[in-house]
Amino acid sequence: MKSKYVILASALLISVATFAQKDQIKNAEKALKGGDAQGAITILKDAENLVANAKDTEQAQFYFVQGNAYLELANKKVEESKNLSAAAESYKKLIEVEKASGKQKYSTQAATSITNIKGQLINSAIADTQANKHAEGAKKLYEAYALDKKDTINLYYAASTAVNAQDFDLALPMYEELKKVNYSGKGTLYLAENKANNNEDNFASAKERDMAVKLGTHEKPKTEAIPSKRGEIYKNLALILVQKGRTEDAKKAIADARKANPEDTSLILTEANLYLETKDFDTYKKLVNEALEKDPNNADLVFNLGVLSAGANNNADAEKYYLRAIEINPNYANAYLNLAALKLEAEKPIIDEMNKLGTSAKDMKRYDVLKAQRENVFKGVIPYLKKANELDPKNEDVSKTLLGVYSALEMTAEAKALKAKM
């Protein structure tokens, strides 16, 4: 008789706990409707230990209210990133519960909220990067990726943003994950110029772009290939590993990448860059030649070889590669720009010597010689800068550099004409 009484008491306790939990959910909903999101979260925390034993419908309702409360706090900018992630986690649990039970009441709303949270995290990350808060932005982009791991571009941007923050401890696991999922980023851009604001808009497909052109809202359609980002990813991964003293791990990472992607020539350049960083110049040259043998008429490849050579202070080779890239593709704007920048490096030693000169007759004579040399440097880069400006008129760096050259040479009419276009 005593044993039966104990069982009855236990059942009564469970029943009372269930009723208490229902009341807590209702009280939390009431607090949330009254604008007290923090109060709602506090109420629900008291019921959190009991939710696992609740009915499926009550569990779903609990997570729905909890998610809404966290989202409300985030929308009020209270620990925005933390509360957005907490809201998403609650909604994901809700969806799991309703999927298992086969009864869906809140799942559609929860899925919509998760999509909105992802957008909020991305927009907040963009605002962070614009405010030079790159580490915060990187974390939010990673959280956006964690919500939807199919959208791997957010992982790529998270890693890149972490590098911009110089936070290599944050960036490293992100790059390792990019390696694990074998992210490429290769694709196609379907572009057309918006007549209303002259901005270039990207469309989801050629069909959508062509329809916009047909409707008359856009013009100048073009299609651009997005190159593989694997080379950049493995380059950054390798450089971080080298910085941490893990050179062999860096070499293995790139070797694995090349094995998995034998046709990706950007990875040869990445490996060449690694050996350049570790001052193994023989292997570096061997890899450069291998890259050229594989694809001698690839303008991007030849251009990147120029960048690598410039990074190695081998300006003669860099100039050769930039000129070759232009020969392959006469409209390669960055090759013209880099070639101009390379030639402008000759100005620095001239300026340094000019600044050391005195006012003696001998020094003044030398000054005139150096001034003429400097002017020749400027005259030599004008054709490259003008072509780069013609090909990429919206590039402010090109315009400003060309304007500076015109000013130094007292080419007033040209400077005035350029300013009018800027």
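Residues numbered from 1 in each chain as written. Predicted model: local features only at pLDDT ≥ 70, side-chain atom pairs only at ≥ 80, totals over all residues. Heavy atoms only, no water.

The chain has the name Tetratricopeptide repeat-containing protein in an unreviewed UniProt entry, where Flavobacterium phragmitis is given as its organism.

Caption draft 1: Up close: the overall build of the chain. Along the backbone of the chain there are 20 helices and three strands. Seen through its principal axes, the chain has C-alpha atoms that stretch 120 × 55 × 50 Å. Considering only residue pairs separated by 6 or more positions, the chain has 53% of its internal contacts joining residues 24 or more positions apart. Summed over all atoms, the accessible surface of the chain reaches about 24400 Å², with 51% contributed by carbon and sulfur. When the 62 basic and 59 acidic side-chain charges of the chain are each reduced to a single mean position, those positions are 3 Å apart. (Helix = DSSP H or I, 4+ residues; strand = E, 2+ residues; numbered from the N terminus. Contact = heavy atoms within 4.5 Å. Areas by Shrake-Rupley, 256 points an atom, 1.4 Å probe, with all protein chains shown as cover. Lys, Arg positive; Asp, Glu negative; His and termini not counted. Charge placed at Lys NZ, Arg CZ, Asp CG, Glu CD.)

Caption draft 2: How the structure looks around the pattern of salt bridges. Applying the stated criterion across every chain yields a total of 27 salt bridges. Measuring nitrogen to oxygen at the nearest pair gives 3.2 Å for the salt bridge that ties Glu327 to Arg324. Of the two residues, Glu327 and Arg324 are both situated in helix α15 (residues 315–328); the distance of three residues between them amounts to about one turn of the helix. Looking at Glu327, the relative accessible area reads 58%, which means it is exposed. Taking the shortest distance from any N to any O, the salt bridge between Lys400 and Glu396 comes out at 3.9 Å. Separated by four residues within a single helix, Lys400 and Glu396 lie in helix α19 (residues 396–408), roughly one turn from each other. Several salt bridges share partner residues, and in doing so they unite Lys118, Asp148 and Asp151 into one network. (Salt bridge = Lys/Arg side-chain N within 4 Å of Asp/Glu carboxyl O. Buried < 20%, exposed > 50% of the residue type's maximum accessible area, 1.4 Å probe, protein only.)

Caption draft 3: Just the sheet that holds strand β2 (residues 200–203), in detail. Pairing is antiparallel across the open sheet formed by three strands, whose spatial order is β2-β1-β3. With partners counted over all chains shown, the strands left at the sheet margins are β2 and β3 (218–226), one partner each. Ignoring strand direction, the axes of neighbouring strands in this sheet form an average angle of 30°. With seven bridges joining them, strand β1 (residues 187–194) and β3 adopt antiparallel strand pairing. (Pairing = 2+ DSSP bridges. Axes fitted to C-alpha atoms, helices over the stretch in contact; angles between N-to-C directions.)

Caption draft 4: Structural view of the side chain of Thr270. Of note, Thr270 is situated in helix α12 (residues 266–277). Overall, Thr270 belongs to the buried group, its relative accessible area being 5%. For Thr270, the contacting residues outside a window of four places in its chain are Gly231, Glu232, Tyr234, Lys235 and Ile254.

Caption draft 5: Main features of the packing of helix α4 (residues 80–101) against helix α6 (residues 134–147). In the contact formed by α4 and α6, the axes pass within 11 Å of each other and the chain directions differ by 5°. Judged on the interaxial angle alone, α6 and α4 are roughly parallel. Residues Glu80, Ser81, Ser85, Ala88 and Lys92 of α4 lie in contact with α6, whose contacting residues are Lys140, Glu143, Ala146 and Leu147. Broken down by class, the residue content of the contact of α4 with α6 amounts to three nonpolar, two polar and four charged. (Parallel < 35°, antiparallel > 145°, perpendicular 65-115°, else oblique. Nonpolar A, V, L, I, M, F, W, Y, C, P; charged D, E, K, R; others polar.)

Caption draft 6: Representation of the UniProt feature "repeat: TPR" (unreviewed entry) in the chain within the structure. The feature "repeat: TPR" (unreviewed entry), as given by UniProt, occupies residues 299–332 in the numbering adopted here. Between the end C-alpha atoms of residues 299–332 there is a gap of 8 Å, over a span that is 79% helix and 0% strand. (UniProt positions renumbered as here; feature names shortened; annotations may be inferred.)

Caption draft 7: Inspection of the nonpolar core at higher detail. Counting residues in hydrophobic clusters, the biggest one holds 45 residues, and the most contacted among them are Tyr284 and Val405. Here the element with the most residues in this core is helix α18 (residues 361–391); it accounts for eight residues. Not counting residues up to four positions away in its chain, the partners in contact with Val405 are Phe378, Val381, Ile382 and Leu385. Of all hydrophobic cores here, the second largest spans 32 residues; its members include Leu44, Val65, Val97 and Ile117. (Core = buried A, V, L, I, M, F, W, Y, C linked by side-chain atoms within 4.5 Å.)

Caption draft 8: Focus on the packing of aromatic side chains. This structure, assessed with the given rule, holds seven aromatic pairs. Aromatic side chains Tyr156 and Tyr157 sit 5.4 Å apart centroid to centroid with 55° between the ring planes, which places their arrangement in the tilted category. Among the residues examined, Tyr156 registers a relative accessible area of 6% and is labelled buried. Using a relative accessible area of 40% as the deciding quantity, one classes Tyr157 as partly exposed. With 5.6 Å between their ring centres and 25° between their planes, Tyr156 and Tyr183 make a pair best called stacked. Here Tyr156 is found in helix α7 (residues 153–164), whereas its partner Tyr183 is found in the loop between α8 (168–180) and β1, with 27 residues between them in sequence. Side by side, Tyr156 and Tyr183 carry an identical accessibility label, which is buried. Taken together, the aromatic side chains of Tyr156, Tyr157 and Tyr183 make up a single cluster linked through ring pairs. (Phe/Tyr/Trp six-rings, centres within 6.5 Å; stacked < 30°, edge-to-face > 60°.)

Caption draft 9: Broad picture of the domain arrangement of the chain. Structurally, the chain comprises domain 1 (16–131), domain 2 (187–226) and domain 3 (297–421). On a C-alpha basis, the centroid separation for the pair domain 1 and domain 3 is 58 Å. (Domains from an automatic or database assignment.)

Caption draft 10: Spatial organisation of the environment of Ala415. Note that Ala415 resides in helix α20 (residues 412–421). Ignoring anything within four residues of it in the chain, the contact list for Ala415 reads Leu403 and Tyr406.

Caption draft 11: Summary view of helix α11 (residues 247–260). Helix length check: α11, at 14 residues, gives a terminal C-alpha distance of 20 Å against a target of 20 Å (1.5 Å per residue), a fit within 8%. Looking only at α11, the buried set comprises Ala250, Ala253, Ile254 and Ala257. The buried residues of α11 occupy an angular sector of 90° when the element is viewed end-on, so they sit on one face. For α11, the exposed residues lying more than 90 degrees away from the buried face are Glu248, Lys252 and Lys259. Packing partners of the buried residues in α11 comprise α8, α10 (230–243) and α12. (Expected span 1.5 Å × (residues − 1). Arc of directions from axis to C-beta.)

Caption draft 12: Geometry of unusual backbone geometry. At Asn132, a position not held by glycine, the phi torsion is positive, near 60°. Note on placement: Asn132 falls in the loop between α5 (107–130) and α6. Residue Asn132 is classed as exposed on the basis of its relative accessible area of 61%. The backbone phi angle of Lys279 is positive, close to 60°, even though this residue is not glycine. Positionally, Lys279 belongs in the loop between α12 and α13 (281–294). Taking the relative accessible area as the measure of exposure, Lys279 reaches 62% and is therefore exposed.

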